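# Overview (structure and organization)
Each chain is listed here by its residues.
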Amino acid sequence: GKWLLATSWSGKVYLLDKEDSQPKFQEIDAHKENAIGGDWSADSTRFLTSSWDGTAKVWEVTRRQLLATAGNGRAQVRAAAISANGKWMVVPADLGSVWVWDVDKNQQIARFSVGNKNIRAAEFLSDHQVILLTTDHQLYQASFDPNHPEPAFSLQAGGWTNLRVCPDGEAV
């Protein structure tokens, strides 16, 4: 990709245009506390940051404009993700609660729970309306419809800690 995103303990995030003839980091004062996560839309026009300040934010790359903020300001947001099309973000809100956020409208469109479990990782699949979540010992697949979310199924397995979807969104 063209861009590099770096997060920092200061709450700032840094963007680097790798194709610039004189590349330098561009600083964004993104969060009040440690910025600990980042993600990209497939076309690299939007990026997501997450923080210990209890928020996840989606930004437009070229103007560095904040498009949406989700979170409750209480629980650290470690496992947020943006959909490939850049339209939605998934944000673990509290222990076991998950919000799906419409970026363009800057509002919650779905909410579901995986029980009283710590969510370790979240990712969208290629069709944009299927989310994978990992907890300490389970992998969940949740399908959502902005009008009626419902978890599809849960697979039991031990020791899940992280999750990444292949860039084409097909292979897991």
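Preceding this section is the structure that the text describes.
Below, the structure is looked at part by part. All values derive from a computational prediction rather than experimental measurement.

## As for the overall build of the protein
Summing up its helical and strand segments, the protein has zero helices and 15 strands in all. Pairs at least 24 residues apart make up 33% of the contacts formed inside the protein by residues separated by at least 6 positions. Here the protein displays about 8800 Å² of accessible surface, and carbon together with sulfur accounts for 47% of that area.

## Quick notes on the environment of Asn72
Along the chain, the position of Asn72 falls in the loop between strand S7 (65-70) and strand S8 (81-82). Between the alpha carbons of Asn72 and Asp94 there is a distance of 8.1 Å; along the sequence they are 22 residues apart.

## Some details on the nonpolar core
Judged by nonpolar contacts, the single largest core of 18 residues is most densely connected at Val90, Val100, Phe112, Phe124, Ile131, Leu133 and Phe144. If you list the elements that add at least two residues to this core, you get strand S9 (88-94), strand S10 (97-102), strand S11 (107-113), strand S12 (121-124), strand S13 (130-134) and strand S14 (138-143). Sorting elements by how many residues they give to this core places S11 first, with three residues. Membership of the second largest hydrophobic core comes to 14 residues, among which are Leu48, Ala56, Val91 and Trp99.

## Thoughts on the sheet that holds strand S6 (residues 56-60)
The strand order across the open sheet built from four strands is S4-S5-S6-S7, with neighbouring strands paired in antiparallel fashion. Of all strands in the sheet, those with a lone pairing partner are strand S4 (35-40) and S7, marking the two edges. For this sheet, the mean inter-axis angle between neighbouring strands, taken without regard to orientation, is 25°. The pairing of strand S5 (residues 46-51) with S6 spans five bridges and is classified as antiparallel. Across the sheet, Leu48 pairs through a bridge with Val58, a residue of S6.

## Some points on the packing of aromatic side chains
Scanning all chains against the criterion turns up five aromatic pairs. Between Phe47 and Trp59, the aromatic rings sit 6.2 Å apart at their centres with planes inclined by 10°, giving stacked as the arrangement. Placement of Phe47 in strand S5 and of Trp59 in strand S6 is noted, with a sequence separation of twelve residues between them. You can call Trp59 buried: its relative accessible area is 6%. Within the aromatic cluster, the residues linked to one another by ring pairs are Trp40, Phe47 and Trp59.

## Here we look at the pairing of S13
Across the five residues that make up S13, a large majority, five, are buried. Residues Val130, Leu132 and Thr134 of S13 are buried on one face, and the alternating residues Ile131 and Leu133, pointing to the opposite face, are buried as well. Note: S12 against S13, four bridges, orientation antiparallel. Its bridge partner lying in S13, Glu123 is registered against Leu132. Here S13 folds back onto S14, and the loop between the two strands holds three residues.

## Looking at the sheet that holds strand S1 (residues 3-7)
Strands sit in the order S1-S2-S3 across an open sheet of three strands; the sheet is antiparallel. Of all strands in the sheet, those bounded by a partner on one side alone are S1 and strand S3 (25-29). Looking at each pair of strands side by side, their axes are set apart by 25° on average, direction ignored. Bridge analysis of strand S2 (residues 12-17) against S3 gives five bridges, and the strand direction is antiparallel. If you follow Leu16 over to S3, its bridge partner there is Phe25.

Definitions and limits used
Residues numbered from 1 in each chain as written. Predicted model: local features only at pLDDT ≥ 70, side-chain atom pairs only at ≥ 80, totals over all residues. Heavy atoms only, no water. Helix = DSSP H or I, 4+ residues; strand = E, 2+ residues; numbered from the N terminus. Contact = heavy atoms within 4.5 Å. Areas by Shrake-Rupley, 256 points an atom, 1.4 Å probe, with all protein chains shown as cover. Core = buried A, V, L, I, M, F, W, Y, C linked by side-chain atoms within 4.5 Å. Buried < 20%, exposed > 50% of the residue type's maximum accessible area, 1.4 Å probe, protein only. Pairing = 2+ DSSP bridges. Axes fitted to C-alpha atoms, helices over the stretch in contact; angles between N-to-C directions. Phe/Tyr/Trp six-rings, centres within 6.5 Å; stacked < 30°, edge-to-face > 60°.

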